[in-house]
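Observations on the model geometry
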Amino acid sequence: MLEPAETYDEALRRFRWRIPQRYNIGVDACDRHAAARPESPALICEDEDGSVRRYSFGDIRALSNRLANALVAQGLKRGDRVGVLLRQSPETAISHIASFKAGLISIPLFVLFGEEALEYRLHNAGARAVITDTENLPKLLAIRDRLPELSTILVVGGGPAGTLDFAATLERAADRFTPVDTSCDDPALIIFTSGTTGPPKGALHAHRVLLGHLPGVEFPHDFFPQAGDLFWTPADWAWIGGLIDVLLPSWHHGVPVVSRRFAKFDPDEAFAFMARHEVRNAFLPPTALKLMRQVEDPKRHGAKLRSIGSGGESLGAELLDWGRATFGLTINEFYGQTECNLVVGNCASLVEVRPGAMGKPIPGHDVSIVDADGNEKSRGEVGEVGIRRGDPVMFLNYWNNPQATAAKYAGEYLLTGDLARQDEDGYIWFVGRSDDLITTAGYRVGPVEVEECLLKHPAVALAAVIGVPDPIRTESIKAFLVLKPGRSGDAALAREIQEFVKTKLAAHEYPRAVEFVDSLPMTTTGKIMRRELRARETAKA
């Protein structure tokens, strides 16, 4: 979307959105490349044993056609929802592309989700089918009886009776499929985002969301793509940062992506991996960068990147300096959220990167600092980051939640819930959250979901969760617990409760610190005053 430019102002003047009325992500990101150059590389997948599988756009088209035919044969029809519970893998990409081409709505699901987290999302979305693997199948089977609309489970690696073997099912299906004729505004996927005032909400995005992301990828990657580009991220494709910040925009441009199933992020291996595959572009969340900064002599691996984008928290001068010394480039920070992503960012080849600033509004996005009613604030004043309605990257609505959708807007602006200020030069500086959302290791976690899980433990009477400063994760989760009569808090119980949340909810959402208290600060209407708990932690620090 971005035209070559010498200055930021020139990039703004030259930018034009090009959004066709009839548009399908699967056709755009796969089929059109397969038609023009079927042997062109699309995906390089390194497995845990070090073996490498390579897929061309022609391969991805044929496999996604087979899967689309299989899903339709199972009775799924346009608008039905398909959960994708897989790590970074060829099957993950194929599942999303097939869903888009069949007019279905895909639901990316994180493999670290526990049973309750999965049940809520699948039930809320009314998923008709789920594609998973043998590793994650037990969680799905445990909740299947509580998902009345779920009729089809495809299992990579095969599963028991009542499920379908992914490979065998594709083998039986035809490799030709006519994609559904979709509008750019037709729904394409639901990405669940955690909030603070209730359960997770499903952000419903249209097919145009990929085109809406393009300037936000091209800008922080210094006018991506360029000759020889090859993209990688350790971020799971179950999150918007992996799926629509890396995989799909790369494929839109016909740029190959490399994937790796990291059971746990290994910073030293990340350097070796990027060197081994000659990765040129990477999205590295700040937590990954902080861990990689601890690697001794990283240059010994020989990684040679052209661009690095990062988002989720401020990088700061120290991390930027380390990036320049290690990679010989400036890491470009960017900003967005699941509902309206990649709207602010840096582009070192166009503008000065100021440590601590999120950057400037990316061409194509009308971003302002506004008050709670959607009125624009003056330069230098703190307000909420707002994005003007009508942006192609903006979500359609929250799935089955019109009240939350309406509350997301004020006047002409979508409100992000993030407080910031804009200086006289147009840079936007993050100040804090207007709610209680926790940013930990690049994930945004709503305290309500964690608190509700904690309350299911037989020893817990009351629970409150906040984020506390963490040098690696930005914030880590801390739980304050009031126990039921007759129970006493000790280290053993704390560990038991932590494991309970890790198993029931997700490994990234368990409280790394547990404090047993006699009471919690409450309002007169019985709401937990998390700000008081944060103030206590600040005072302790």
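Along each chain, residue indices are assigned from 1 in the same order as the chain's sequence is written. Since the coordinates come from a predicted model, pLDDT governs what is reported: local features require at least 70, and pairs of side-chain atoms require 80 or more to be given and counted, while whole-chain, interface and lining totals use all residues. Heavy atoms from the whole structure form the basis of all side-chain values; hydrogens and water molecules are not counted.

**Details of the side chain of Gln498**
What counts is decided by this rule: Labels follow the DSSP assignment, with helices taken as runs of H or I lasting at least four residues and strands as runs of E lasting at least two, numbered in each case from the N terminus. Relative accessibility decides the category of a residue: with a 1.4 Å probe and only protein chains considered, values under 20% of the type maximum give buried, values over 50% give exposed, and everything between is partly exposed. The contact criterion used throughout is that any non-hydrogen atoms of two residues lie within 4.5 Å.
With respect to the element layout, Gln498 can be found in helix 15 (residues 491-504). Judged by its relative accessible area of 16%, Gln498 falls in the buried class. If we skip the residues at most four places from it in the chain, Gln498 touches Tyr510, Pro511, Arg512, Ala513 and Val514.

**Some words on the pairing of strand 6 (residues 152-156)**
Applicable threshold: Strands were regarded as paired on the criterion that DSSP finds at least two bridges between them. With the strands aimed away from the viewer, a crossover counts as right-handed if its path from the first strand over the helix to the second runs clockwise.
Burial of strand 6 is extensive: five of the five residues sit out of reach of the surface. Note: strand 5 (residues 129-133) against strand 6, five bridges, orientation parallel. Bridge pairing links Ile131 to Leu154 in strand 6. The β-α-β motif built from strand 5, the intervening helix 6 (residues 137-143) and the parallel element strand 6 has right-handed crossover chirality. Direction of pairing for strand 6 relative to strand 7 (residues 164-165): parallel, over a ladder of two bridges. Note that in strand 7 the partner of Leu154 across the bridge is Leu164.

**Observations concerning the nonpolar core**
Inclusion rule: Nonpolar cores are built from buried Ala, Val, Leu, Ile, Met, Phe, Trp, Tyr and Cys residues. Side-chain atoms within 4.5 Å join them into one set.
Of all hydrophobic cores here, the largest spans 90 residues; its most connected members are Leu67, Ile244, Leu248 and Trp251. Top element by residues in this core is helix 9 (residues 240-252). It accounts for seven residues. Those residues in contact with Ile244 that lie beyond four places of it in its chain are Leu189, Ile191, Val209, Leu210, His213, Val217 and Pro249.

**Quick look at the packing of aromatic side chains**
Test applied: Pairing of aromatic rings covers Phe, Tyr and Trp, the last through its six-membered ring, and needs centres within 6.5 Å; plane angles under 30 degrees mean stacked, over 60 mean edge-to-face, and all others mean tilted. Charges are assigned to positions over rings by a cutoff of 6 Å between ring centre and Lys NZ or Arg CZ, combined with an angular limit of 35 degrees from the ring normal.
Taken as a whole and assessed by the stated rule, the structure comprises 16 aromatic pairs. Measuring from ring centre to ring centre gives 6.3 Å for Tyr8 and Phe219, while their planes differ by 65°; the resulting arrangement is edge-to-face. Linking Tyr8 in helix 1 (residues 8-14) with Phe219 in the loop between helix 8 (209-218) and strand 10 (231-232), this pair joins segments that are 211 residues apart in sequence. Across this residue pair, the class does not change: Tyr8 and Phe219 are buried. Summarising the aromatic geometry, the rings of Phe224 and Phe231 are spaced 5.3 Å apart at their centres and angled 65° between planes, so their arrangement reads as edge-to-face. Grouping residues by exposure puts Phe224 and Phe231 together as buried. Members of the aromatic cluster, joined through ring pairs, are Phe110, Phe113, Trp239 and Tyr443. When the ring centre of Tyr510 is taken as reference, the NZ or CZ atom of Lys502 above it lies at 4.4 Å.

**Remarks on the pattern of salt bridges**
Side chains that differ in sign of charge can pair as their charged atoms come close. So the rule is basically this: The salt bridge definition used is simple: a Lys or Arg side-chain nitrogen within 4 Å of an Asp or Glu carboxyl oxygen.
Considering all chains together, one arrives at 36 salt bridges under this definition. Between Arg306 and Asp229 there is a salt bridge, with the nearest N and O atoms lying 2.9 Å from each other. Of this pair, Arg306 sits in the loop between helix 11 (286-292) and strand 13 (307-311) while Asp229 sits in the loop between helix 8 and strand 10, and the two are 77 residues apart along the sequence. Counted as one network, the salt bridges with shared partners bring together Glu46, Arg260, Glu269 and Arg276.

**A look at the packing of helix 3 (residues 57-73) against helix 4 (residues 90-101)**
For clarity, the threshold we go by: Interaxial angle, 0 to 180 degrees, is taken between N-to-C directions of lines fitted to C-alpha atoms, where a helix line uses only the stretch in contact. Geometric relationships in this document are graded by angle, where less than 35 degrees denotes roughly parallel, more than 145 denotes roughly antiparallel, 65 to 115 denotes roughly perpendicular, and other angles denote oblique. Left-handed describes a crossing whose near helix is turned anticlockwise from the far helix by less than a right angle; the clockwise case is right-handed.
Two elements in contact, helix 3 and helix 4, have axes whose closest approach is 8 Å; the angle formed by their N-to-C orientations is 60°. Looking at the two axes, helix 3 sits oblique to helix 4. By crossing handedness, the relation of helix 3 to helix 4 is classed as right-handed. In this structure, helix 3 uses Ile60, Arg61, Leu63, Ser64, Asn65, Leu67, Ala68 and Leu71 to contact helix 4, whose residues at the interface are Ile94, Ser95, Ile97, Ala98, Ser99 and Lys101.

**What to know about the packing of helix 2 (residues 25-36) against helix 9**
Here is the rule: Gly is put with the polar residues, along with every residue not named as nonpolar or charged; the nonpolar set is Ala, Val, Leu, Ile, Met, Phe, Trp, Tyr, Cys and Pro, and the charged set is Asp, Glu, Lys and Arg.
Packing of helix 2 against helix 9 brings their axes to within 8 Å, and their N-to-C directions diverge by 50°. The orientation of helix 2 relative to helix 9 falls into the category oblique. Every pair of crossing elements has a handedness; the one defined by helix 2 and helix 9 is left-handed. Residues Ile25, Asp28, Ala29, Arg32 and His33 of helix 2 lie in contact with helix 9, whose contacting residues are Leu248, Trp251 and His252. Classifying every residue of the contact of helix 2 with helix 9 gives four nonpolar, two polar and two charged.

**Topic: the pairing of strand 27 (residues 513-516)**
Along any regular strand, the residues point their side chains to alternate faces of the sheet. Judged from the four bridges that link them, strand 26 (residues 474-483) and strand 27 form a sheet pairing that is parallel. Bridged to Ala479 within strand 27 is Val514. With helix 15 bridging strand 26 and its parallel neighbour strand 27, the resulting β-α-β unit is right-handed.

**Observations concerning helix 16 (residues 530-540)**
In plain terms, the rule: Here, the arc refers to the directions that run from the helix axis to the C-beta atoms.
Buried residues of helix 16: Arg530, Leu533 and Glu537, and no others. Along helix 16, the residues classed as buried sweep out an arc of 60° about the axis, all on the same side. Among the exposed residues of helix 16, those pointing more than 90 degrees away from its buried face are Arg531, Thr538 and Ala539. Buried residues along helix 16 sit against helix 14 (447-454), strand 25 (460-470), strand 26 and strand 27.

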